[in-house]
Amino acid sequence: METVLSGIRSTGHLHLGNYFGALKNYIKMQDEYNCFFFIADLHSLTTHPHPDDFHSGVKTILTEYLASGLDPHKSAIFVQSDVPEIVELYVLLNMIAYKGELERTASFKEKIRKHPENVNAGLLTYPVLMAADILIHRANKVPVGKDQEQHLEIARLLARRFNNMYNAEVFPEPQAFNFGKDLVKVPGLDGSGKMGKSEGNGIYLFDDEKSIHKKVMKAVTDAGPTEPDSKMPEAVENLFTLLKIVSEPEVVQHFTAAYNNCSIRYGDLKKQLAADICRHTLPIKAKIEEIGRDDAFLRSVIKEGTEKARASASATLTEVKRAVGFRSF
Ligand code: ADP
Ligand code: TRP
């Protein structure tokens, strides 16, 4: 069975884009692959979160992933910093990662541009730590967004370089997971682009009914079509894209027909859209609250996940160290 692995940054709350664009696919994968899902808390340290917020960020993401349907018995769910083997592999990979190639990554250049006051070495070697996350479990497939493809390329490069240098087939080359037709892009409700944390246009799994309605009712539209079958402006098309994701096909058909014969009332469309979003998210919100109060459950999830992850990681590290030439006295 192939191994799938994904790391999740421990910042903020999950929005509809994360849920429909990533998580729903992860949930399906759990039955078909040997899955590892972990919270990349070490990676989040590059931006120096306040110690008082650090743990609660991890807990929030863990709780929201579990509430959305990640199953701790099917997958290994763990926190990066609980698996010291990752850090050990990170040190070893740093020895074969070159400064020039790390400096050339788009994400590093963007960080320099945006935060010239905090160009730390952790930022430069961010892709090496990510390669360690992936290679320590000898993952074959990594579901990542477009922004992470270059990092995955570095993981492949380091895997190849290690295998060649030590003349050992320790690491497979991890490939991006291709969701094909299952890949959806969730648009924002502000007229253009995608829904995202940094875009500040998110509808969160954690939002209550009232705020979801409020956010949807505020969505950008236009004055409405004046000619039958006219082309939709992007903002209106985005509403329909969301409707297709959350509503029944008859509902989509109804509003499409209303748009095409110019009888559409955006207020009705938005009410329906908000209600259908709530149908998906409110049960998850209830679970988030329930799980968030159950520290014993969270502890048991992490215990089980850490055990699975460390067993897999230490098996790899033993081979790695043998290849590098470590011997015990
Ligand atoms: P954020 O926008 O919250 O920073 P991330 O970039 O951390 O999201 O992405 C986490 C996962 O969610 C990735 O797999 C990414 O492809 C997916 N994702 C994020 N936003 C969207 C979206 N609007 N539509 C589809 N998938 C998304
Ligand atoms: N860098 C990823 C992001 O920003 C998170 C991440 C860390 C990751 N380690 C990983 C993703 C390993 C996939 C595999 O979203």
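Our structure's up above, just so we're on the same page.
Analysis parameters
Residues numbered from 1 in each chain as written. Chains lettered and ligands numbered in written order. Predicted model: local features only at pLDDT ≥ 70, side-chain atom pairs only at ≥ 80, totals over all residues. Heavy atoms only, no water. Helix = DSSP H or I, 4+ residues; strand = E, 2+ residues; numbered from the N terminus. Rg over C-alpha atoms; globule rule 2.2 N^0.38 Å. Buried < 20%, exposed > 50% of the residue type's maximum accessible area, 1.4 Å probe, protein only. Contact = heavy atoms within 4.5 Å. Areas by Shrake-Rupley, 256 points an atom, 1.4 Å probe, with all protein chains shown as cover. Lys, Arg positive; Asp, Glu negative; His and termini not counted. Charge placed at Lys NZ, Arg CZ, Asp CG, Glu CD. Near = heavy atom within 4 Å. Polar contact = N/O pair within 3.5 Å; in protein donor to acceptor, adjacent residues only side chain to side chain. Nonpolar A, V, L, I, M, F, W, Y, C, P; charged D, E, K, R; others polar. Pairing = 2+ DSSP bridges. Right-handed = clockwise from strand over helix to strand, strands pointing away.

Peer 1: Sorry if this is basic, but what is going on with the overall build of the protein chain here?
Peer 2: Counting its secondary structure elements, the protein chain contains 14 helices and five strands. A globule of 329 residues ought to have a C-alpha radius of gyration of about 20 Å, and the protein chain, at 22 Å, matches this closely. In terms of principal-axis extent, the alpha carbons of the protein chain reach across some 80 × 45 × 40 Å. Residue burial in the protein chain is summarised as follows: out of 329 residues, 46% are buried. Long-range pairs, those at least 24 residues apart, make up 79% of the contacts in the protein chain between residues at least 6 apart in sequence. Roughly 16,700 Å² of accessible area belongs to the protein chain as shown, and the carbon and sulfur atoms make up 53% of that amount. Treating the 41 positive side-chain charges of the protein chain as one cloud and the 43 negative ones as another, the clouds have centres 2 Å apart.

Peer 1: Honestly, the site of ligand 2 in this entry has me stumped. Any pointers?
Peer 2: What surrounds ligand 2 is a group of 13 residues, the closest being Arg9, Tyr126, Met130, Asp133 and Gln148. In the environment of ligand 2, an oxygen atom lies 2.8 Å from a nitrogen or oxygen atom belonging to the side chain of arginine 9. Taking tyrosine 126, its side chain carries an N or O atom lying 2.8 Å from a nitrogen atom of ligand 2. With the chains in place, 94% of the 360 Å² that ligand 2 exposes on its own is no longer accessible. Within the residue set of the shell around ligand 2, elements represented by two or more residues are strand 1 (3-9), strand 2 (34-40) and helix 8 (126-135). The greatest single-element share of the shell around ligand 2, amounting to four residues, is contributed by helix 8. The class makeup of the residues in the shell around ligand 2 is eight nonpolar, three polar and two charged.

Peer 1: Got a minute to help me understand the pairing of strand 3 (residues 76-79) in this structure?
Peer 2: Sheet faces and side chains relate simply in a regular strand, where the side chains alternate between the two faces. Burial of strand 3 is two-sided: the residues Ala76 and Phe78 facing one way and the residues Ile77 and Val79 facing the other way are all buried. Across four bridges, the pairing between strand 2 and strand 3 is parallel. The residue bridging phenylalanine 38 from the neighbouring strand is phenylalanine 78, located in strand 3.

Peer 1: Sorry, what's going on with the side chain of histidine 137 here?
Peer 2: Mapping histidine 137 onto the fold places it in the loop between helix 8 and strand 4 (141-142). Residue histidine 137 is classed as buried on the basis of its relative accessible area of 4%.

Peer 1: Looking at this structure, I do not really get the pairing of strand 2. What am I missing?
Peer 2: Extensive coverage of strand 2 is indicated by the burial of six of its seven residues. For the crossover from strand 1 across helix 1 (residues 16-29) to strand 2, the handedness is right-handed.

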